[in-house]
Amino acid sequence: MSLKGKCGVVTGSTSGIGLGIARALAGAGVNVMLNGLGDALEIEKIRSKLEAEFSVRVLYSDADMTRPGEIKAMIEKTFAELGGLDILVNNAGIQHVDAVDAFPDEKWDQIIAINLSSAFHTTKHALAIMKDSGWGRIINIASVHGLSASPFKSAYIAAKHGVIGLTKTVALEVAEQNITANAICPGYVKTPLVEAQIPDTARIKGISEAEVIRDVMLARQPTKEFVGVDEVAAFALFLCSDDAKSITGAALNIDGGWMTL
Ligand code: NAD
């Protein structure tokens, strides 16, 4: 079965992994609701380019993933204006690095809201629509940090572990209704944000950019290569296919071997 004509929401799709997934979905004929922060003119450029390139409808919602009311309105807008909601990708996420005993309360709350609670709110409202149509795909972008820990990332790691728990529970609740829910757990992905940090880190540490990549960023990634945004996007697209209908409740790592260590 082709995905052509289906409708999807990708949270946090104004850059990085979310944009890559939105692009892959549009390329498969899916009408897409984009979401995320950023410059309005830049976002409009992204929206109109995707629409023109793939001949699908692409809309944008500026819903803030810390606000349940705005999340509900985004899901309602998707249904009202795209005519359905078959694919939900919970991707929006932020990071903050600090020791637990120095971690700012407001950063903890913000990370839990964006990286975990937003996936609950989108799923809650999207499920009614998916149950009605008898088909659905929910993909939560977790992380290897949903399966393992590193110091100084308490809120992120708690949220990503939580996302995997939410994924499993949703998968069980809708297992008999043609709706799957899975978590993708990437290792280090080469997004524009990550790329931009390489020269600065090299300068600060007084080492080469190649050393920053191999010894700092990819210290825990055995392949010593970043995961590509396009690889994560292709994986998400596969999970939307009928060939993946028996994959549900899974936390699937795409991590260059990180989780084997
Ligand atoms: P990114 O910063 O490029 O993208 C994050 C997106 O979330 C952006 O579109 C941003 O506007 C949006 N966002 C942030 N706060 C928001 C809010 N309050 N409301 C709505 N949107 C908001 O980052 P990325 O690297 O592409 O990360 C995407 C997801 O992948 C995140 O959940 C991240 O934890 C996860 N991830 C990333 C990596 C990596 O190495 N880059 C690895 C594993 C998991």
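Residues numbered from 1 in each chain as written. Predicted model: local features only at pLDDT ≥ 70, side-chain atom pairs only at ≥ 80, totals over all residues. Heavy atoms only, no water.

Student: Describe the nonpolar core, with residues and values.
Tutor: Counting 30 residues, the largest nonpolar core has Ile21, Leu25, Val32, Ile87, Val89, Ile139 and Ile184 as the members making the most contacts within it. Listed by contribution, the elements that provide at least two residues to this core are helix 1 (16–27), strand 2 (31–35), strand 4 (87–90), strand 5 (136–141) and helix 8 (229–240). Contact partners of isoleucine 87, with chain neighbours within four places excluded, come to Leu3, Cys7, Gly8, Val9, Leu25, Val30, Met130, Trp135, Arg137 and Cys240. With 26 residues, the next largest nonpolar core counts Cys7, Leu82, Leu85 and Ile129 among its residues. (Core = buried A, V, L, I, M, F, W, Y, C linked by side-chain atoms within 4.5 Å. Buried < 20%, exposed > 50% of the residue type's maximum accessible area, 1.4 Å probe, protein only. Helix = DSSP H or I, 4+ residues; strand = E, 2+ residues; numbered from the N terminus. Contact = heavy atoms within 4.5 Å.)

Student: Go over the sheet that holds strand 3 (residues 58–61) with me, naming the residues and quoting the values.
Tutor: Backbone-to-backbone hydrogen bonds pair the strands of a sheet. The strands run either parallel or antiparallel. Strand order in the open sheet made by the 7 strands is 3-2-1-4-5-6-7, with parallel pairing throughout. Both edges of this open sheet fall to strand 3 and strand 7 (251–254), since each of them pairs with a single strand only. Between one strand axis and the next, the sheet turns through 20° on average, direction left out of account. Across 4 bridges, strand 6 (residues 179–186) lies against strand 7 in parallel orientation. Note that in strand 7 the partner of proline 186 across the bridge is isoleucine 254. (Pairing = 2+ DSSP bridges. Axes fitted to C-alpha atoms, helices over the stretch in contact; angles between N-to-C directions.)

Student: Any chance you could break down the site of the ligand for me, citing the residues and the numbers?
Tutor: In the neighbourhood of the ligand, 28 residues make up the surrounding shell, with Thr14, Ser15, Asn91, Tyr156 and Val189 lying closest. A distance of 3.0 Å separates a nitrogen atom of the ligand from a polar atom in the side chain of aspartate 64. One of the side-chain N or O atoms of tyrosine 156 is found 2.5 Å from an oxygen atom in the ligand. Look at the ligand: alone it shows 830 Å² of surface, and the protein chains cover 88% of it. In a pocket analysis with a 2 Å cut-off to the grid points, the ligand is assigned to the largest pocket. Put simply, the parts of the chain that give the shell around the ligand at least two residues each are helix 1 and helix 5 (154–173). When its residues are assigned to classes, the shell around the ligand shows 14 nonpolar, 12 polar and 2 charged. (Near = heavy atom within 4 Å. Polar contact = N/O pair within 3.5 Å; in protein donor to acceptor, adjacent residues only side chain to side chain. Areas by Shrake-Rupley, 256 points an atom, 1.4 Å probe, with all protein chains shown as cover. 1 Å grid on protein atoms, 1.4 Å probe; cavity = no way out; pocket = protein on both sides within 12 Å on 5 of 7 lines; lining within 4 Å. Sits in = over half its atoms within 2 Å of the grid points. Nonpolar A, V, L, I, M, F, W, Y, C, P; charged D, E, K, R; others polar.)

In short, shape yes, function no, at least from these values alone.
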